[in-house]
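Single-letter residue listing:
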Amino acid sequence: MSSYYLFGSPFVSLALSLIPLLLGWLGVFEGFSYIVAALIFVAAVIWAVVPVETKNFVKQQYDGAVKEFVAGMPDTKKAD
């Protein structure tokens, strides 16, 4: 639930939630997977108490960075 709150995407939330589960079943990186899950939870809690003005500022900066990144990408369409 905390990853859904942070990212707003059910697909991303499901994928992040499955990481600790799958690694636990395999018996590898269990400590790492639980640390990742805990960090996502802590980040969601911190983000929940951040003022709305700060969230809006971060969203504006994020949108600007994405636009700049997309504008700098080369055109993949081939000229005929």
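Everything numeric in this text was worked out from a predicted model, so none of it was measured.

A. Highlighting the environment of Tyr 5. One can find Tyr 5 in helix H1 (residues 2-7). Judged by its relative accessible area of 41%, Tyr 5 falls in the partly exposed class. Placed 42 residues apart in sequence, Tyr 5 and Trp 47 show a C-alpha to C-alpha distance of 9.0 Å. Those residues in contact with Tyr 5, other than ones at most four positions away along the chain, are Ala 44, Trp 47, Ala 48 and Lys 55.

B. Broad picture of the packing of helix H2 (residues 10-26) against helix H3 (residues 30-49). It is the contact of H2 with H3, at a shortest axis distance of 8 Å, that shows an interaxial angle of 160 degrees. By the criterion of interaxial angle, the relationship of H2 to H3 is roughly antiparallel. In this structure, H2 crosses over H3, and the sense of that crossing is left-handed. Where H2 abuts H3, its residues Leu 16, Ile 19, Pro 20, Leu 23 and Gly 24 lie against Glu 30, Ser 33, Tyr 34, Ala 37 and Ile 40. In terms of residue class, the contact of H2 with H3 is made up of seven nonpolar, two polar and one charged.

The rules behind each value
Residues numbered from 1 in each chain as written. Predicted model: local features only at pLDDT ≥ 70, side-chain atom pairs only at ≥ 80, totals over all residues. Heavy atoms only, no water. Helix = DSSP H or I, 4+ residues; strand = E, 2+ residues; numbered from the N terminus. Buried < 20%, exposed > 50% of the residue type's maximum accessible area, 1.4 Å probe, protein only. Contact = heavy atoms within 4.5 Å. Axes fitted to C-alpha atoms, helices over the stretch in contact; angles between N-to-C directions. Parallel < 35°, antiparallel > 145°, perpendicular 65-115°, else oblique. Left-handed = near helix turned anticlockwise from the far one by under 90°. Nonpolar A, V, L, I, M, F, W, Y, C, P; charged D, E, K, R; others polar.

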